[in-house]
Amino acid sequence: PSMEPLEDYEEDCTTAPDDIQREIEENRRAWANCKDALLEHFTSMADDRDIEWLDKFKREGGALKAEDFASIRDELFAVTPLESLDMLDAAGVLGDLDQGLCQRC
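Here's what I pulled together on the structure shown here.

Parameters at a glance
- Residues numbered from 1 in each chain as written.
- Predicted model: local features only at pLDDT ≥ 70, side-chain atom pairs only at ≥ 80, totals over all residues.
- Heavy atoms only, no water.
- Helix = DSSP H or I, 4+ residues; strand = E, 2+ residues; numbered from the N terminus.
- Contact = heavy atoms within 4.5 Å.
- Areas by Shrake-Rupley, 256 points an atom, 1.4 Å probe, with all protein chains shown as cover.
- Salt bridge = Lys/Arg side-chain N within 4 Å of Asp/Glu carboxyl O.
- Buried < 20%, exposed > 50% of the residue type's maximum accessible area, 1.4 Å probe, protein only.
- Polar contact = N/O pair within 3.5 Å; in protein donor to acceptor, adjacent residues only side chain to side chain.
- Phe/Tyr/Trp six-rings, centres within 6.5 Å; stacked < 30°, edge-to-face > 60°.
- Patch = residues over 30% accessible without salt bridge, like charges linked within 9 Å, V, L, I, M, F, W, Y side chains within 5 Å.

1. A short note on the overall build of the protein
Helix and strand content of the protein: five helices and zero strands. Reading the protein from its N end, one meets helices and strands in the order α-α-α-α-α. Contacts in the protein between residues far apart in sequence, at least 24 positions, make up 47% of those at least 6 positions apart. As displayed, the protein has an accessible area near 8400 Å², and 51% of this comes from carbon and sulfur atoms.

Take a look at the structure:
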């Protein structure tokens, strides 16, 4: 599982493998460009503006603003991960995936 509490995911880790460094960078880029809109809805999230990497990853003119939450709300909540699994299962795809994974083991 991604982002589990491993040393490689610590903020000050300098020896993380390339794939973990890329994942952290992608997560930082997503947060820097979506946080203002997400904080509009998820009020329990902390808005720590002193994070040094926020400016590095924020796209000027491309980042979502607080007022953009209304425009992304339907897409954000359209399908939950469990609903996605239910849809795959109903379509018969999930069983095929399970069988394919088991054959590789």
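2. Concerning the pattern of salt bridges
In this structure the tally under the stated criterion is six salt bridges. Between Lys35 and Asp47 there is a salt bridge whose closest N-O contact spans 2.8 Å. One end of the pair, Lys35, is in helix H1 (residues 18–41); the other, Asp47, is in the loop between H1 and helix H2 (54–57), with 12 residues separating them in the sequence. According to the relative accessible area criterion, Asp47 is partly exposed, its value standing at 29%. The partner of Lys58 in a salt bridge is Asp36, with the nearest N and O atoms 3.6 Å apart. You can see Lys58 sitting in the loop between H2 and helix H3 (69–77) and its partner Asp36 sitting in helix H1, a full 22 residues away along the chain. For Lys58, a relative accessible area of 30% corresponds to the partly exposed category.

3. Re the environment of Arg73
Position of Arg73 among the secondary structure elements: in helix H3. The exposure class of Arg73 is partly exposed, given its relative accessible area of 38%. Between the C-alpha atoms of Arg73 and His41, which are 32 residues apart in sequence, the distance is 8.9 Å.

4. Overview of the side chain of Lys35
Note on Lys35: relative accessible area 6%, which makes it buried. A distance of 2.8 Å separates a polar atom in the side chain of Lys35 from a polar atom in the side chain of Asp47. Ignoring sequence-local partners within four residues, the contact set of Lys35 consists of Ala30, Asp47 and Leu54.

5. Re the packing of aromatic side chains
Applying the stated criterion across every chain yields a total of one aromatic pair. On the basis of an interplanar angle of 65 degrees and a centroid distance of 6.3 Å, the ring pair of Trp53 and Phe57 is categorised as edge-to-face. For the pair shown, Trp53 and Phe57 are each scored as buried.

6. Side note on the side chain of Arg28
When you line up the elements, Arg28 lands in helix H1. Relative accessible area serves as the criterion here: at 18%, Arg28 is assigned to the buried category. Apart from the residues lying within four places of it in its own chain, the contact partners of Arg28 are Glu11, Trp53 and Phe57.

7. Overview of a nonpolar patch on the surface
Nonpolar side chains collect at one region of the surface, where Leu82, Leu85 and Leu88 lie side by side and expose about 270 Å² of accessible area between them. Along the chain, Leu82 falls in helix H4 (residues 81–90).

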